[in-house]
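Chain and residue survey
Here is how the chains run, residue by residue.
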Protein chains: 2
Amino acid sequence: MHMTFDFSSVARAGLPAPAQRFGGHPPYNFVGGNNAEEMVPVDALRAAADRVLAREGASLGMYNLHSGPQGHLPLREWLSGKLKRYAGMDCPADDIMLTSGSLQAMDLINEVLLAPGDTVLIEAANYGGVFPRLARRQATVVPIAVDGEGMRMDALEDALKRLAANGVRPKCIYTIPTVQNPTGTILPLDRRERMMELAREYDTAVFEDECYADLVWSGERPPALAAMDPDGRVVHIGTFSKTIAPALRVGYIAAPWSMMSRILSVKHDAGSGALEQMVLAEYLPDHFDAHLMAMNAHLEDKLDNLIAALDENFGTSVHYTKPPGGIFLWVRMPDGVDTDRLTAVAGQAGIAVNPGSEWSLEDDRTRWIRICFANPPKDAITEGVAKLAEVCHAEFGVPEVSANRRL
Amino acid sequence: MHMTFDFSSVARAGLPAPAQRFGGHPPYNFVGGNNAEEMVPVDALRAAADRVLAREGASLGMYNLHSGPQGHLPLREWLSGKLKRYAGMDCPADDIMLTSGSLQAMDLINEVLLAPGDTVLIEAANYGGVFPRLARRQATVVPIAVDGEGMRMDALEDALKRLAANGVRPKCIYTIPTVQNPTGTILPLDRRERMMELAREYDTAVFEDECYADLVWSGERPPALAAMDPDGRVVHIGTFSKTIAPALRVGYIAAPWSMMSRILSVKHDAGSGALEQMVLAEYLPDHFDAHLMAMNAHLEDKLDNLIAALDENFGTSVHYTKPPGGIFLWVRMPDGVDTDRLTAVAGQAGIAVNPGSEWSLEDDRTRWIRICFANPPKDAITEGVAKLAEVCHAEFGVPEVSANRRL
């Protein structure tokens, strides 16, 4: 006879609630940064893996291969050129660190910058993973209003002025300027220039998150903030999760040495996964540009499919702006719909969407949902949106008409 | 004209010193858990990568493939069987989580257990990465003396008794029972039974780190503590870094759900690298046992080479016990040698070894060095030890005789 030990008795105070067992993905899965599985470039990755393992596989016996703690040098060198071509950045391989996804990048940067009580300015509608991360570091979050062109510079200036008047120097402006999450906007060049002016005037750092920046349908985008930064006050992150495959977990940080040397001092993981780094370094030079064009065409087609399904099933009762890129659509639901409740009942019906309350601090956040469209097959998008309309009608009486049927 | 921004002005207080630029590995590199590059099973990994990518590569489009946050299910299923065969554990795949190396496993477990001031008992000579990790969590560390059979149970009992008398319930006993780092000892069965009795008597958890446990020359080892744990008080970690390749960054945690559900709640990285998990799941079933036997024979041969070099160059002035497994030798240097100074001067001569002061809390720690022998080629081991003897003689006058020459 024995007593079962309960680890709760030794767990520290203040932990999040224990997790639930993973129960599989719902049939209509419109959440998460998952990508189009049909677009993973499997054959080219196979060929790259085979070549690079044959040539360099033995180096897996060394932590970080032979490149040191910033990660596989050939991949950093390719990135240096890519950041120049795509984002206008002059960033040598020595100022790049490879990370386990851009989430590790974000965690490392926050760990360097943020002590409890430190202030961060962020877009008021934001990536849902940002809010708990900043809460865990006990940061003071100042939300800045967004509009159809991203962060509003008048609101940013007001906030910086007010903070300065109170003697507060914020640690950074955290921004997703290119394909903002969840609104999908691209910050225009004049706002980028203004943001950098304000960062200089108030002497704060800029934390630029470009995790979606390659997914722009037109292929045209303004230069990165890190390309408009003669002072070296921008720390810039990106990822291959959205362009190649999220499960690879390869992201990166581009930062001047005064920041990189600090980030290195808090990275204690003996390096991020090197097999992916090797395979990507082999795959990317010959394939990235063409793959990205095909990926963007494919994603825009899925987005158009989603929009057609929304129009058919919700008509004019919902509002959205077709984004210029990305993998998600930010949708304002009909009057009278509470999206926390909608998300809950939709979840019971096998439809997962993100409620606005987890992705925004704006006053009207419980009117919004985020719908991720990259992963579900097109017929699942069509069916899922129709079912969402049924669920929404049953719970809230709207929409009244769906697919030309009264509900 | 512009001023360069200094991120030090926004970095939080209390950070470690900024890192130095990576300058490459020294010619005689006897530090780090790097493995024998010539033993990375490149061809079998190539074949596994090709097969599994062809069959399942598209699933890289999903975070965590389709297996949820504990990681790739086929690898967890193989591990479940492996832990039974090698360590006597009954651990279903549902109680296993894949991590980014065993370091992430360690960090997650410490994050669940340790608030500032919490008490942890550890072997007094220990993995060098443990001390800063426990310091960052502001834990109270109680070192327990070790001998030629690992942690001393009389010392453990004394410590637990003393803590209980002071009203302190430690959070856990952290132990590396099988191929202890740095001493290389294997805790015998009777001590394992006694440790579990004491853990039960004082109602504390046991954190078992088996990262080196597969590297036993004889192939024979006692069961894991997690196999002697009817209460479910052991959280167990391991890795493929030592058996396959460290740069893969694949480790794992085996833990009952009362612990696993807590660990999941603090793992915010959207999953560990999945390509390695897929490739390992494909490679291991057909190859692991034979590869491990070959790896152990190879490592023991390198160890014998190191020992021959030590005997030739240091004679009886150094003391060590040939370990039954692992990748390091723990060596007591001659009288009068301060290993902090030795390590510094050896480093200038291109020879890297670990000073005892970073790997032990024992009183005589500055007499010891740790020499990792898995990565350097055999001739580099021979040359490096001869050079170390020269450096040691130049600095301390000992050894007096090296390779039959008076120094």
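**Quick notes on the overall build of chain A**
The helix and strand inventory of chain A stands at ten helices and 16 strands. Taking the principal axes of the C-alpha coordinates as reference, chain A spans close to 65 × 65 × 60 Å. Burial analysis of chain A (407 residues in total) assigns 62% to the buried set. Pairs at least 24 apart in sequence give 73% of the contacts found in chain A among residues at least 6 apart. Summing over all exposed atoms, chain A offers an accessible surface of approximately 14,500 Å²; the carbon and sulfur share of this is 51%. Taking the average place of the 38 positive charges on the side chains of chain A and the average place of its 53 negative ones, the gap between the two points comes to 3 Å.

**A short note on the packing of aromatic side chains**
Tallying each qualifying case throughout the model produces 18 aromatic pairs over all chains. Seen from their ring centres, phenylalanine 5 of chain A and phenylalanine 7 of chain A are 5.1 Å apart, and the 85° between their planes marks the pair as edge-to-face. For the residue pair phenylalanine 5 of chain A and phenylalanine 7 of chain A, the accessibility class agrees, reading buried in each case. On the numbers, 5.2 Å between centres and 75° between planes, the contact of tryptophan 78 of chain A with phenylalanine 288 of chain A is edge-to-face. Taken together, the residues span a long stretch of sequence, with tryptophan 78 of chain A in helix H2 (residues 73–87) and phenylalanine 288 of chain A in helix H8 (residues 274–314) at a distance of 210 residues. Taken individually, tryptophan 78 of chain A and phenylalanine 288 of chain A each receive the classification buried, so the pair is uniform in this respect. What links up through ring pairs into an aromatic cluster is the set Trp78, Tyr86, Phe240, Tyr252 and Phe288 of chain A. Sitting over the ring of tryptophan 359 of chain A, arginine 370 of chain A keeps its end group 3.7 Å from the ring centre. Across from the ring centre of tyrosine 86 of chain B, 5.1 Å away, lies the NZ or CZ of lysine 82 of chain B, which sits over that ring.

**Notes on the interface of chain A and chain B**
How big an interface is tends to be stated in terms of accessible area lost as the parts join. Each partner contributes to the interface: chain A provides 96 residues, whereas chain B provides 96 residues. Between chain A and chain B, the buried area comes to about 7,900 Å², and carbon and sulfur atoms account for 60% of it. It is Phe7, Arg21 and Tyr63 of chain A that lose the most area in chain A upon contact with chain B, and together they represent 10% of the buried surface on that side. At the junction of chain A with chain B, the criterion picks out six salt bridges. Notably, a salt bridge pairs aspartate 95 of chain B with arginine 21 of chain A, separated by 3.3 Å at the nearest N-O pair. For the pair chain A and chain B, the interface holds 41 residue pairs in polar contact (both at pLDDT 80 or more). Listed by contribution, the elements that provide at least two residues to the side of chain A that touches chain B are helix H1 (42–56), helix H3 (101–113), helix H4 (130–136), strand S9 (234–239), helix H7 (257–265) and H8 of chain A. Considering only residue class, the side of chain A that touches chain B consists of 45 nonpolar, 29 polar and 22 charged.

Rules of the game
Residues numbered from 1 in each chain as written. Chains lettered and ligands numbered in written order. Predicted model: local features only at pLDDT ≥ 70, side-chain atom pairs only at ≥ 80, totals over all residues. Heavy atoms only, no water. Helix = DSSP H or I, 4+ residues; strand = E, 2+ residues; numbered from the N terminus. Buried < 20%, exposed > 50% of the residue type's maximum accessible area, 1.4 Å probe, protein only. Contact = heavy atoms within 4.5 Å. Areas by Shrake-Rupley, 256 points an atom, 1.4 Å probe, with all protein chains shown as cover. Lys, Arg positive; Asp, Glu negative; His and termini not counted. Charge placed at Lys NZ, Arg CZ, Asp CG, Glu CD. Phe/Tyr/Trp six-rings, centres within 6.5 Å; stacked < 30°, edge-to-face > 60°. Lys NZ or Arg CZ within 6 Å of the ring centre and 35° of its normal. Buried area = accessible area lost by both parts, 1.4 Å probe. Salt bridge = Lys/Arg side-chain N within 4 Å of Asp/Glu carboxyl O. Polar contact = N/O pair within 3.5 Å; in protein donor to acceptor, adjacent residues only side chain to side chain. Nonpolar A, V, L, I, M, F, W, Y, C, P; charged D, E, K, R; others polar.

As far as function goes, none of this settles anything; it's purely spatial.
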